[in-house]
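Structural features, examined
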Amino acid sequence: MSGEKMTVEKKADRIGKIIVIVLMAVFVTVGILTMVGKESGGGMPQGMSGMGRGGSQGDMTTVTVSVKAMEPETLQKTVLLNGDVASRTETSIYPDTSGKVSRILKSLGDTVRRGEVIAYVDPSRPGSAYAASPVTATVAGTIIQQPYSVGDTIGTSNALAVIGSLQDLEIRVKVSEKYSSYLKVGLPAYVSLVSAPEEHFTARIASISPVVNPASRTQEVTLVLDQQDSRIKPGMFAQVRLVIIEEKDTFVVPLEAIRSYNDDSAVFVVAADNTAYRKLVTTGVSNDNDIQIVSGLIQGDQVIVAGSVTEGMKVRVAGTAMATTGASGQSSGQPATQPPAGR
């Protein structure tokens, strides 16, 4: 009997182990199926889960872009120059005799009348005595230069002072001869000063030297300010952006909007169905930021200026303020109130 009992116990133990193994297999199978279900979107066929979470697959290929509506505007190309502020009416004052400056009655910045004594020059030599010779102003104005001090020796060919007007200023710049063909009277310029670096004063070319300096290969150009300003004084250093080319009533796009297509220039334009399509264009004048479109576009075209697109791709315009339609009659381009970047 004891042998039969042991046999029954062994069979029961074997059946228990089989049940445990079967249960473990079931748990493992369920776990695997659960993981696969999660990866495939809860049992849905792959590719359908994206639609269930927010729309068609077409929405996933839509690219957000920035555009610029084509309206006539002005494009300027400038060259950066250094210049000096000076009085347009400058008169040098010379002594009648050579000698040492013995007295100075009027200093730099003082206002003088015509005929007023501004200094004395003593022509005395060792062993002889002479009365000091007065140096008088030949014109009325302000002393804007005075290179000599008391005790300095001066000759009759040396200007003791320069008298000019503070209300009639000009800016003198030297332009490289490679730009000489662009120069003409009336071209605008933008002037900035060390004392007011964030402000730009407008000026225009008043005169152009008819010759080129053979030593420096430059041509002297004189600018006059559109409006006099008390902050601008003779002797100041000026940084000038001189406009050498100005194209008015033309289409302008940023340089990054231009693409190359079979060795031609092209831009992408937003169509009525919100797709991007390519337009071949002819370009013209450019500066550091923008380029002129001579042909290929019409007023109101919305040119893509930011966003990576291809032909026929669905696009979404970012913000209504960045794009205007041709019917609005307003340009999304900025007016040329600030100096454009030079080249």
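Located above this text is the structure these notes cover.
So, here is what we can say about the structure in this document. (Residues numbered from 1 in each chain as written. Predicted model: local features only at pLDDT ≥ 70, side-chain atom pairs only at ≥ 80, totals over all residues. Heavy atoms only, no water.)

**A short note on the pairing of strand β13 (residues 196-208)**
Summarising the sheet, strand β12 (residues 188-193) and β13 pair through 5 bridges and their orientation is antiparallel. When the sheet's bridge partners are listed, Pro188 is paired in β13 with Arg204. Sheet topology note: the β13/strand β14 (residues 218-225) ladder contains 5 bridges and is antiparallel. Opposite Ser207, over in β14, you have Thr222 as the bridge partner. (Pairing = 2+ DSSP bridges. Helix = DSSP H or I, 4+ residues; strand = E, 2+ residues; numbered from the N terminus.)

**Section: the side chain of Gln219**
Along the chain, Gln219 falls in strand β14. A distance of 2.7 Å separates a polar side-chain atom of Gln219 from the backbone oxygen of Ser209. Leaving out residues up to four positions away in the same chain, Gln219 has contacts with Val173, Lys174, Val175, Ser180, Leu183, Ile208, Ser209, Pro210, Val211 and Val212. (Polar contact = N/O pair within 3.5 Å; in protein donor to acceptor, adjacent residues only side chain to side chain. Contact = heavy atoms within 4.5 Å.)

**Focus: the environment of Val294**
Mapping Val294 onto the fold places it in strand β19 (residues 290-295). By relative accessible area, which is 51% here, Val294 ends up exposed. Separated by 44 residues in sequence, Val294 and Thr250 have C-alpha atoms that sit 7.4 Å apart. (Buried < 20%, exposed > 50% of the residue type's maximum accessible area, 1.4 Å probe, protein only.)

**Quick word on the environment of Gly319**
Along the chain, Gly319 falls in the segment after β21 (315-317). On the basis of relative accessibility, which here comes to 43%, the residue Gly319 falls in the partly exposed class. C-alpha separation for the pair Gly319 and Val65, spaced 254 residues apart in sequence, amounts to 9.3 Å.

**Remarks on the packing of aromatic side chains**
Tallied over the full model, the rule gives 0 aromatic pairs. Arg278 extends its terminal NZ or CZ atom over the ring of Tyr261, reaching a point 3.9 Å from the ring centre. (Phe/Tyr/Trp six-rings, centres within 6.5 Å; stacked < 30°, edge-to-face > 60°. Lys NZ or Arg CZ within 6 Å of the ring centre and 35° of its normal.)

Any link to function would need more than the numbers given here.
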